[in-house]
Structures are given as C-alpha cells and as structure tokens.
Amino acid sequence: MTRLETNAATPVAMRPQSAAERFGVMDRPELKYTPAVARETAHLYERVRHHIPEIEWPVYAPYIHAINRIKKERGAAILAHNYQTPDIYHCVADIVGDSLQLAREASLVDGEIIIQCGVHFMAETSKLLNMDKTVLIPDIKAGCSLSDSITGADVRLLKQRYPGVPVVTYVNTSADVKAETDICCTSSNAVAVCESFESDTILCIPDEYLAMNVAKQTKKKILTWKGHCEVHERFTAAELLAYKEADPTIEIIGHPECHPDVIAVCDYSGSTAGMINYVKDTRPSRVLLVTECSMASNIESEVEGVEFIKPCNLCPHMKRITLPKILDSLLFMTEEVLVDPAIAGRARLAVERMINLKN
Ligand code: 13P
Ligand code: SF4
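The notes below deal with the structure included here.

Procedures and definitions
Residues numbered from 1 in each chain as written. Chains lettered and ligands numbered in written order. Predicted model: local features only at pLDDT ≥ 70, side-chain atom pairs only at ≥ 80, totals over all residues. Heavy atoms only, no water. Pairing = 2+ DSSP bridges. Helix = DSSP H or I, 4+ residues; strand = E, 2+ residues; numbered from the N terminus. Axes fitted to C-alpha atoms, helices over the stretch in contact; angles between N-to-C directions. Expected span 1.5 Å × (residues − 1). Buried < 20%, exposed > 50% of the residue type's maximum accessible area, 1.4 Å probe, protein only. Contact = heavy atoms within 4.5 Å. Core = buried A, V, L, I, M, F, W, Y, C linked by side-chain atoms within 4.5 Å. Near = heavy atom within 4 Å. 1 Å grid on protein atoms, 1.4 Å probe; cavity = no way out; pocket = protein on both sides within 12 Å on 5 of 7 lines; lining within 4 Å. Sits in = over half its atoms within 2 Å of the grid points. Nonpolar A, V, L, I, M, F, W, Y, C, P; charged D, E, K, R; others polar. Points joined across faces, edges and corners; volume = space filled by probe spheres on them. Polar contact = N/O pair within 3.5 Å; in protein donor to acceptor, adjacent residues only side chain to side chain. Salt bridge = Lys/Arg side-chain N within 4 Å of Asp/Glu carboxyl O.

Description of the sheet that holds strand 5 (residues 167–170)
Right, on to step 1. Spatial strand order, 6-5-7-8: 4 strands in an open sheet with parallel pairing. Strands at the two margins of the open sheet, each flanked by one partner only, are strand 6 (183–185) and strand 8 (221–223). Sheet twist, expressed as the average angle between the axes of neighbouring strands with direction ignored, equals 35°.

Re helix 4 (residues 57–74)
An α-helical turn contains 3.6 residues, so a residue and the one three or four places further along point in the same direction.
Right, on to step 1. End to end, helix 4 covers 25 Å across 18 residues, agreeing with the expected 26 Å (1.5 Å per residue, within 8%).
Right, on to step 2. Burial in helix 4 covers these residues: Trp57, Ala61, Pro62, Tyr63, Ile64, His65, Ala66, Ile67, Asn68, Ile70 and Lys71.
Right, on to step 3. Each element contacted by the buried residues of helix 4 is listed here: helix 3 (35–48), strand 1 (76–81), helix 5 (86–91) and helix 16 (323–332).

Some words on the nonpolar core
Right, on to step 1. Judged by nonpolar contacts, the single largest core of 94 residues is most densely connected at Trp57, Ile115, Val279, Leu289, Phe308 and Ile326.
Right, on to step 2. In this structure, Val262, Val265, Val290 and Ile309 belong to the second largest nonpolar core, which totals 13 residues.

Things to note about the site of ligand 2
Right, on to step 1. Surveying the vicinity of ligand 2 reveals the residues Tyr83, Val119, Cys144, Ser145, Leu146, Asn172, Cys229, Val231, Glu257, Cys315, His317 and Met318.
Right, on to step 2. Structurally, ligand 2 is housed in the largest cavity.
Right, on to step 3. For the shell around ligand 2, a count of residues per class yields 8 nonpolar, 3 polar and 1 charged.

Digging into empty space enclosed by the protein
Right, on to step 1. The final tally for this structure, using the stated rule, is 3 cavities of 30 Å³ or more.
Right, on to step 2. Reported here for the largest cavity is a volume of approximately 250 Å³.
Right, on to step 3. As for the largest cavity, its lining consists of 26 residues, and the residues nearest its centre are Tyr83, Cys144, Asn172, Glu257 and Met318.
Right, on to step 4. The residue inventory of the lining of the largest cavity, partitioned by class, reads 11 nonpolar, 12 polar and 3 charged.
Right, on to step 5. By volume, the second largest cavity amounts to about 60 Å³.

Re the sheet that holds strand 12 (residues 307–309)
Right, on to step 1. Judged by pairing direction, the sheet is parallel, and its 4 strands sit side by side in the order 10-9-11-12 without closing on themselves. Sheet topology places strand 10 (268–269) and strand 12 at the edges, where each strand pairs with a single neighbour.
Right, on to step 2. Inspection of the sheet shows strand 11 (residues 286–290) paired to strand 12 by 3 bridges, in the parallel sense. Paired with Leu288 across the strands is Ile309, a residue of strand 12.
Right, on to step 3. Running over the sheet, helix 14 (residues 272–282) touches strand 9 (251–254), strand 10, strand 11 and strand 12 and is turned about 160° from strand 9.

Digging into unusual backbone geometry
Right, on to step 1. Note the cis peptide between Ile205 and Pro206, where omega equals -5°.
Right, on to step 2. Here the amide bond leading from Thr334 into Glu335 is cis, since omega sits at -20°, within 30 degrees of zero.
Right, on to step 3. With a phi close to 45°, Arg283 is a non-glycine residue in the positive phi region.
Right, on to step 4. Structurally, the position occupied by Arg283 is in the loop between helix 14 and strand 11.
Right, on to step 5. What makes Arg283 partly exposed here is its relative accessible area of 43%.
Right, on to step 6. One non-glycine residue, Met333, lies in positive phi territory at about 55°.
Right, on to step 7. With respect to the helices and strands, Met333 occurs in the loop between helix 16 and helix 17 (341–356).

Observations concerning the site of ligand 1
Right, on to step 1. Neighbouring residues of ligand 1: His81, Tyr83, Asp98, Ser99, Asn172, Ser187, His232, His255, Glu257, Ser271 and Thr272.
Right, on to step 2. Take Ser187: an N or O atom from its side chain is 3.0 Å from an oxygen atom of ligand 1.
Right, on to step 3. His255 is positioned with one of its side-chain polar atoms (N or O) 2.8 Å from an oxygen atom of ligand 1.
Right, on to step 4. Here ligand 1 is seated within the largest cavity.

Focus: the layout of surface pockets
Right, on to step 1. For the largest pocket, the calculated volume is near 220 Å³.
Right, on to step 2. Ser187, Val191, Gln217, Pro256 and Ser269 are the residues nearest the centre of the largest pocket, which is lined by 17 residues in total.
Right, on to step 3. Looking at the lining of the largest pocket, the elements that each hand over two or more residues are helix 10 (190–195), helix 11 (208–215) and strand 10.
Right, on to step 4. Looking at the lining of the largest pocket, its residues break down into 8 nonpolar, 9 polar and no charged.

Some thoughts on the pattern of salt bridges
Right, on to step 1. Enumeration according to the criterion identifies 15 salt bridges in this entry.
Right, on to step 2. With a closest N to O distance of 3.6 Å, Arg346 and Glu180 form a salt bridge. With Arg346 in helix 17 and Glu180 in the loop between helix 9 (175–178) and strand 6, this residue pair connects regions lying 166 residues apart in the sequence.
Right, on to step 3. Across the salt bridge formed by Arg286 and Glu307, the nearest N and O atoms sit 3.0 Å from each other. Here Arg286 is found in strand 11, whereas its partner Glu307 is found in strand 12, with 21 residues between them in sequence.
Right, on to step 4. Classification of Arg286 as partly exposed rests on a relative accessible area of 28%.
Right, on to step 5. Bridged by salt links that share partners, the residues Arg156, Lys159, Glu180 and Arg346 form one connected network.

The values are spatial; any link to function lies outside them.
Written as structure tokens, this is what we have:
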C-alpha cells in the first residue's frame, strides 16, 4: 500500500458527521420533491397558492420541508418580519410581526436558537433581549438605510448640543445607537413614547419623516435627524392621488416612514401590523398598501374579497433572506449576531423601557 493510499480519506463511519450529513441534506440536489415531501407540505401550499404557481412548488417544498424538520430537531425558533416573502412568512416562520411584536416575542422565546428573518437591527434587538441564546441571521449583509444613517458618536454629539432633551430612538438602529438613547420606539408606538416624557422637546431620531408624522400628533416640539427609509421615501402624494382620481372608493393605507405629504392622502397610517389589522378589520373592497411589496402578498390569502393595488417598492435588504440561506443558517449555525457586552446593557435597557411602556 502506498503512502498516498494510507492517507486516503478517513472512513465515513470513523469521522464526526457534519450537520449537513446529520440532517441528511449534504447534497443540495438531493433536496428532492418526493411523494413524502409533497404529502407533508400540501397544507402549506394552500397558504401560498396565490403567489407560488403549482409548477414551482417542487422547488420550494423540499427546502420548506427540510427547514421545518431541522428547526424542530435543533429546537430553533424562526422570527419573520411582515416584509418577508410568502414562502418564509407562511411556511417556515414560527412568529411573524412588526418590529414591536418581534421584539416582544424575542424576549419570550423558549428554545436556545433564534433565526431572525429580517434585517440586521432586528436580529441585534433579539440578541439584546437574549444574550444567552444563539441568534442567527441568514444573511449578515441584510442592513437598513435608516440604521445606516446614524452612529453612536452622532447621538453623543446631539446630546451635547441639546443637553437634557430626551432621546427617543427608532428601533431601526444599531445597538451602538440604542446604547446612547433613553428609550426606543417603533412606528406603532412612537407618539406614545414621545408623550411619555414630561419634557416639551424630544429628540426623535433618526427617521425624519416618522418624526414629522409624530410631530403632527403631539404638542411637543420634535427635533430629528435626516435619516430616511430608502423604500418608503420613493412614494409620492402625486402618484397616490392619481389612483384616487381613477377610483375614489380606493382606500389608501401607508407606513409612517413615508413623507408626511404621502401620509396626508392616506385613509390610515400605521406600522406593518397596524396596516394588516386595518385591512382585516375593515375589509375594504379595494386597498392600496403604501409599503414594501411582500405585505400585500402575505395578507392577500387571509382576506378573501379584498382587492390589493400594489404600487409597492421592494426592500433589497429584506429580500436577501431566502429559503436556501435559512437552511444554511440552521445547518451551519450561521451567521451569528453578537453584541459587544460593553454596550449591550445600555442598549437593552432602551429596548426594555419601550416594551414595558403601557400603551
Ligand atoms: P414596522 O415596525 O412597522 O414593522 O416597520 C419596520 C420597517 O422596517 C418598516 O420599513
Ligand atoms: Fe430599513 Fe426601509 Fe428596509 Fe424597513 S423597508 S428595513 S426601514 S430600508
């Protein structure tokens, strides 16, 4: 036997199995649409049949089947934001919601592993509330233009410029920024959070349009920052009015990250969960959602008889999360989201103050 032969690969039985081998999905082409997979995912297809053509289901189903099986074996929980695509939202998520709901639920998760299907600040928020758990994001590059608009150093400068003014920070920020803040807010509670301070002036950062929309609902003086959501800033009042002119019965509902001129022509404005509840409760015959594209797709199947008009914009960051990347996350425990312990305590306090606020 030659030396080369002696050094040949260790027999499979003698080496530790990789996670991919252990879970039986070593080779992606082996993710086959078998009769068992078809049978066990049939009920899930019913939830997404409006959006996934039957001919494409054999591509989705093996991933969904594998993710749900491995998720169970790992004891992992999948938290998905309302902007995730219908295959993720309806077929693999354990908890869906807006930023506030996901933050609340993250603090209640039982298992040791959280897979955050959303953007990085959401995963960081989950980590802050679960420092002892493993928090994974399927694509670490899933960012946010609002979160990128401001740093902790910027907030320190603002505090020097406006001493004593309470700092309310949108949850769409890094842990570094949260650590410099008095309390966080989301689009669903921003007015209540600002109102919770006695001060008649509030720094509400970094979303300029959210702050302007809050200012219209409070007597307080609201100071802000020039951050914008790259998805919501693209909507204009003129385009929405054109829809209204074409059909005056159409209901327009918009996210508060839109410019106040856009919100002024909306019949309702609220967080993503607020928008979903509005449609479910009022059942308009025609509704136009002024927000990210997947929202309408996710609720369409749950509200029969409502026609959705979709001049939507895609969030490229949210769309980085896909089924194959979620499967990789579960198999290889990637990408882990960590928060510097030196700032985690202060950042967590800002999030917890928001969660504990009675509203
Ligand atoms: P919600 O808190 O309304 O879910 O908004 C999060 C977000 O990123 C909207 O762009
Ligand atoms: Fe950020 Fe806007 Fe994307 Fe929400 S939709 S994650 S605010 S870029």
